[in-house]
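Spelled out, the chains give:
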Amino acid sequence: MTTNTRAPDEEIPKPAPAVPEAWELGRRDLLRIGAAAGAALAGLGTIEIVRDRTPTAPVPKGSTQAKAIPSMCQMCTTACGIIGHVADNRLLKITGNPEDPNGQGAVCGKGVAGPSVLYDPFRLLYPLKRVGERGSGRWKRISWETAYEEMAGRLKEIRERGTPGEFAFQQGRNRSTDIISRFLNAYGTPSQFNHRALCSLNRRAAILTTIGESDWDLGDYENTQYVLNFGCNWAEAHQGHIPVATRMMRARQKGAKLVTFETRLSNTAALSDEWFCVKPGTDGLIALAMANVICREELWDKKWLDTWSNYPAEKIAEHVAQYTPEWAERESGVPAEDIIRIAREFAAAAPKCTTICNRGSQGHRNGYYNDRAITMLNALVGNMGKTGGWCWHPQSAWDKDLLPEPEPVPEKPTAKSIIAEAKNWPLANAFPDKKMKVAEIIYLWIKEGRQKISALMTYNADTAWSWPEAQLVRGVLKDEDLIPFHVCIDVMYSETAHLADIILPWATYLERWDIDSRPPQGLIDYVGLRQPVVPPRGESKDIREIFPELARRIGGGMETYFPWRTTEEYLEEYFKPLPGGFAHMKANGIWIDPAKKPLYEPHLTRLTPDELDGSREDPKSGILYKGTDEKTGEPVAIGIRIAGIARRGFLTPSRKVEIHSAFVVGKGKNVGKDVEPLPVYEPIPSHQRDFPDDHLIMTSYKINVHNAHRTMQSKWLQEISHTNPALLNRATATKLGIGDGDWIEVTSFRPDDKAVPGGDGSQLGTLRTRVRLTEGVHPMVLAIAHNAGRSVGGAYATNGTDTAHNPGYGKITDADLDRLWWQGAISVPQNDLLPIYPDPVAGGQAYHDTVVQIRKV
């Protein structure tokens, strides 16, 4: 039980080593369940083991019967529907919500471990204010009133002097997009920084270039017969984790073939029929070589290409002729005969075949072009939008036409942000309504003085730990000249919170409200409700409570956009258009239109007579236009006439699949850069020289029970996975005289590449770790998981090294500290070694391309 008897404004010394509160569902129960979930996805059991098998904790004597409250998980980005089982305001366990069309009642090990985050003895529960130097770890507890007064005063002054862009909002995983955009737009700041470039920016840009209307592919995995996997680890760390994994395993049980190209023997590679251990960054060349085979042998769906491709099949064949299987073999290591065979198999399975990539192939310096090439494979065989094929949905979340934001809604800011616009990267913000920002350069550009920041608010974003060149980020956050005022909003004390002026305790996803949904894996859009399953602990609050109050205190018209007295009042208004409204959502957690069917081939949708009324047709292209764009004055395309039928088409400039994109060429010219109109292979410059034996390419990966900083505070998940030794190929180790378990020193270098910031080949960082030898990694690769290396956040997050950084709450009692058997386990911060390394076209971070030198110590 956490207690505090100090006055709210009394300075608090660093607390003594802590000790845990117990909860009804035991640590060992969750350890077993989490391990079982991980094993299931590793192929050691069936996928069904992650369903509701959690032992039901006994309801304490004198307690009421447990209630089942539907909500949505946020232990990772997948946002599965969950059920919280609660008695006497105590969460006993979490199971899956069968109403969720994506998760379908399944949860993973992370989802099961939600109670360990909710009841984490080291979590933040009260507002804190810094009383020493930034980074000193000296804090005093303050009241919310004091926190609101200081924040409102600072923000009001910035806004009233006419420089709203000097207030920057840095978000991590943001599932409260409606209320955050409302507040920032009402304030007038364009400086909303996200982490898209550290996640999936290159992939999204490649998809948008090709089909226009969506940045997220949704392969119809359950109905497919053949999957080409380029670096996607769907069994552990996919952004659609459980929804994809369950459907993949069903397809596998029905005989679907899975071929994986990956530098490491991931759990997904282990589940595959064939795994090819490839050199990092060669995925696109493999795909182009397959395209060569498909075109050369006319295995394509030429009728589909002639109808729906904006580039003739014959010209595609001419272009890919240069990418021979033999060249791909020399670069990637995949035998030419296997490339030829797999290309034939893939085409033969069409249209029930698909590719999958996600963060793998796109996480390179050439990631955009890699994924352009991989996406093109689907067009060649004509599987786009078809049953069992490569699919997508126009709604990446819920239907905003059905559920618009309640009025009044503020206009978007007119001020500009140099950092948010990131004009050095042609496709960073090329696509309307897609916030594709180049996150890597935020703190570098602040340091260089490119944009003045007078106040920074970080929200669910441990940038000081999770960003590339994290030591640079920490230096900027510590510098009060560069960032005069920093407010951190988070559940736990983090490296970023450590460098704040005020820390606000954020409610966990189990204590707050949200409107949420993810791209629909079943191709029918839906909407979900995240609702509190228990009241917030301590004085923690959600952003939906914090921002309306701040708006009222700042004033100047901001308050008019927050007329609702409570979050529930706002959600009552939001869900009015739905049958049953807010009451239905609270009772069920999910709403899906029963009349809708899976949306295959949305481009074939016929335009209605009303839509066609007043339209005009371009006689050459067949594109149908109606009206003009208010901002640009350009005619607005509404569809295309194909074989005499007016159809919706793709939402690209040509209304067809754009194998050749004049659009991206134009975006490049706007900023003085050349962007290739066709998918190409662009070798990674720093990988092209002859490496000495002790130079390797460092790659990164995720463990199935972790998700960045948000899971390392979970004692249950940390007990399952708490270490990240460097994985090294045995043959490479033999050359270097390194044995299993030896200590090594890893030194990283910035890329020798003038197309990226700081690309001078200089030394960046050094750390020491131990090696684990394996045949399951490429001989040129050193693989390190990034879910480790915390320096603050409590004993569990730091493997026992930090027991003094639960600032402000007095002595903590936690009996499990006596069971921290993994104390002192190797845990290194890989991000300190990663250079700022954006793809020159789209801006996504090249996580898997860092050149390192290793030596035995």
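Since this is a predicted model, take the numbers as computed values, not measurements. Per-chain numbering applies: the sequence of each chain, read as written, is numbered from 1 onward. Per-residue local features of the predicted model are confined to residues with pLDDT of at least 70, and side-chain atom pairs are confined, for both listing and counting, to 80 or more; whole-chain, interface and lining totals are unaffected and use all residues. Side-chain numbers here rest on the full set of heavy atoms in the structure, without hydrogens or water.

> Where do I start with helix 12 (residues 325-332) in this structure?
Since there are 3.6 residues in each turn of an α-helix, residues three or four apart along the chain are aligned in direction. Every buried residue of helix 12 is accounted for by P325, A328, E331 and S332. Around the axis of helix 12, the buried residues are gathered within 125° of arc, so they sit on the same side. Directly beyond the C-terminal end of helix 12, a positive phi value near 95° is found at G333. Relative accessibility thresholds used throughout: buried, under 20% of the residue-type maximum; exposed, over 50%; partly exposed, between the two (1.4 Å probe, protein chains only). Numbering of helices and strands starts at the N terminus; helices are DSSP runs of H or I of at least 4 residues and strands are runs of E of at least 2. Read the arc as the range of directions from the helix axis to the C-beta atoms.

> What exactly am I supposed to notice about empty space enclosed by the protein here?
Empty space among the atoms can be located by rolling a probe the size of a water molecule over them. Space inside the largest cavity adds up to approximately 820 Å³. Cavities and pockets are defined on a 1 Å grid built over the protein atoms alone: a cavity is a set of grid points where a 1.4 Å probe fits but cannot escape, while a pocket is an open set with protein on both sides within 12 Å along at least five of seven lines, and lining residues are those with an atom within 4 Å of any such point. For the largest cavity, the lining is made up of 47 residues, of which L198, R359, K702, H786 and Y847 are closest to its centre. Listing elements by their share of the lining of the largest cavity, those giving two or more residues are strand 10 (257-262), helix 14 (359-362) and strand 23 (695-701). The element contributing the most residues to the lining of the largest cavity is helix 14, with four residues. Under the grouping applied here, Gly and all other residues not named as nonpolar or charged are polar, the nonpolar ones being Ala, Val, Leu, Ile, Met, Phe, Trp, Tyr, Cys and Pro and the charged ones Asp, Glu, Lys and Arg. Here the lining of the largest cavity is built from residues that sort into 13 nonpolar, 25 polar and nine charged. Grid points are joined across faces, edges and corners, and a volume is the space filled by probe spheres set on the points. The computed volume of the second largest cavity comes to approximately 140 Å³. Q74, V491, W506, Y509 and R710 are, among the 14 residues lining the second largest cavity, the residues nearest its centre. Residue composition of the lining of the second largest cavity, grouped by class: six nonpolar, five polar and three charged.

> Looking at this structure, how should I read the packing of helix 5 (residues 177-187) against helix 20 (residues 543-554)?
Between the N-to-C directions of two axes lies an angle of 0 to 180 degrees, each axis being a line fitted to C-alpha atoms and, for a helix, fitted only over the stretch in contact. Closest axis-to-axis distance for the helix 5/helix 20 pair is 10 Å, and the angle between their directions is 15°. Between helix 5 and helix 20, the crossing angle belongs to the class labelled roughly parallel. Between helix 5 and helix 20 lies a crossing whose hand is left-handed. Here D178, I179, I180, F183 and Y187 of helix 5 come into contact with helix 20, specifically with I543, R544, F547, L550, A551 and I554. Residue classes in the contact of helix 5 with helix 20 are distributed as nine nonpolar, no polar and two charged. For classification, angles of less than 35 degrees are called roughly parallel, those exceeding 145 degrees roughly antiparallel, those between 65 and 115 degrees roughly perpendicular, and all remaining angles oblique. Helix crossings fall into two classes, left-handed where the near helix is turned counterclockwise from the far one by less than a right angle and right-handed where it is turned clockwise. Contact criterion: two residues are considered in contact whenever any of their non-hydrogen atoms come within 4.5 Å of each other.

> What is the right way to read the nonpolar core from this model?
Within soluble globular proteins, side chains that are nonpolar tend to cluster in buried spots. Think of a nonpolar core as a cluster: buried Ala, Val, Leu, Ile, Met, Phe, Trp, Tyr and Cys residues, connected wherever their side-chain atoms sit within 4.5 Å. Within the largest apolar cluster, 121 residues are counted, with the highest numbers of intra-cluster contacts made by L228, F261, Y443 and L782. With ten residues, helix 9 (residues 283-296) is the largest single contributor of residues to this core. With sequence-adjacent residues up to four places away left out, L782 is seen in contact with L696, I697, M698, T699, A726, L727, L728, I744, V746, V852 and I854. In this structure, W144, L155, F167 and W513 belong to the second largest nonpolar core, which totals 50 residues.

> Explanation requested: the packing of aromatic side chains in the structure shown.
Two measures describe an aromatic ring pair: the distance that separates the ring centres and the angle between the ring planes. Side-chain rings of Phe, Tyr and Trp (the six-membered ring for Trp) are treated as a pair once their centres are within 6.5 Å; stacked means planes under 30 degrees apart, edge-to-face means over 60, and tilted covers the remaining angles. Enumeration over the complete set of coordinates arrives at 27 aromatic pairs. With a centroid separation of 6.2 Å and 75° between ring planes, the pair formed by Y226 and F346 is classed as edge-to-face. Pair noted here: Y226 is in strand 9 (residues 226-230) and F346 is in helix 13 (residues 336-349), with a separation of 120 residues, a long-range link. Owing to a relative accessible area of 4%, Y226 belongs among the buried residues under this scheme. Pairing Y323 with W327 gives two aromatic rings, centres 5.5 Å apart and planes at 10°, and the pair type is stacked. An aromatic cluster of three or more residues is present, and its members are W513, W564, Y570, Y574, F575 and F582. Should the NZ of a Lys or the CZ of an Arg lie within 6 Å of a ring centre and within 35 degrees of the ring normal, that charge is described as sitting over the ring. Lying across the ring of Y126, R141 places its NZ or CZ 3.8 Å from the centre.

> Explanation requested: the side chain of H85 in the structure shown.
On the secondary structure map, H85 appears in strand 3 (residues 81-87). We classify H85 as buried; its relative accessible area is 18%. Distance and chemistry together define a polar contact, namely a pair of N or O atoms within 3.5 Å, with one atom able to donate a hydrogen and the other to accept it when in protein, and with adjacent residues in sequence counting only for side-chain atoms on both sides. A polar contact is formed between the side chain of H85 and the side chain of T95, at a distance of 2.8 Å. Excluding residues that lie within four positions of it along the chain, H85 makes contacts with K67, A68, R90, L91, L92, K93 and T95.

> How should helix 7 (residues 241-253) be read in this particular structure?
Its 13 residues place the ends of helix 7 18 Å apart at the C-alpha level, agreeing with the 18 Å of an ideal helix rising 1.5 Å per residue. For helix 7, a buried count of eleven out of 13 residues is recorded, marking the element as mostly surrounded by other parts of the structure. Turning to helix 7, its buried residues are H241, I242, P243, V244, A245, T246, R247, M248, M249, R250 and A251. Downstream of helix 7 by one or two residues, G255 has phi in the positive range, about 100°. Here the expected span of a helix is defined as 1.5 Å times the quantity of residues minus one.

> Before we go on, may I ask you to explain the pattern of salt bridges in this structure?
Side chains that carry opposite charge are capable of pairing whenever their charged atoms lie near each other. Whenever a carboxyl oxygen of Asp or Glu lies within 4 Å of a side-chain nitrogen of Lys or Arg, that contact is scored as a salt bridge. By the definition in use, this model includes 54 salt bridges. Between D514 and R544 there is a salt bridge; the shortest N-O distance is 2.9 Å. You can see D514 sitting in strand 16 (residues 514-516) and its partner R544 sitting in helix 20, a full 30 residues away along the chain. A single burial state applies to D514 and to R544, both of which are buried. Via salt bridges that share partners, R175, D178, R512, D514, D516, R530 and R544 belong to a single interconnected network.

> Help me understand the state of the cysteines, please; the structure alone is not making it clear to me.
Disulfide: a covalent bond connecting the sulfur atoms of a pair of cysteines. Here, the term disulfide refers to a pair of cysteine sulfur atoms separated by no more than 2.5 Å. Tallying each qualifying case throughout the model produces zero disulfides. Free cysteine: C391, not disulfide-bonded; nearest cysteine sulfur from C353 at 11 Å. Unpaired in this structure, C488 has its nearest cysteine sulfur neighbour in C199, at a distance of 20 Å.

> Explanation requested: the side chain of T189 in the structure shown.
Considering the arrangement of structural elements, one finds T189 in the loop between helix 5 and strand 8 (192-193). By relative accessible area, which is 2% here, T189 ends up buried. Here P164 takes part through its backbone oxygen, which lies 3.3 Å from a polar atom of the side chain of T189. At 2.7 Å, the side chain of T189 forms a polar contact with the backbone oxygen of F167. For T189, the contacting residues outside a window of four places in its chain are P164, G165, F167, L184 and P413.

> Got a minute to help me understand the environment of V534 in this structure?
Mapped onto the elements, V534 comes out in the loop between strand 17 (526-530) and helix 20. The exposure class of V534 is buried, given its relative accessible area of 4%. Along the chain, V534 and E511 lie 23 residues apart, while their C-alpha atoms are 5.7 Å from each other. Discounting chain neighbours no more than four positions away, the residues touching V534 are V86, N89, R90, L91, L118, Y119, L510 and E511.

Nothing here speaks to function; it is geometry throughout.
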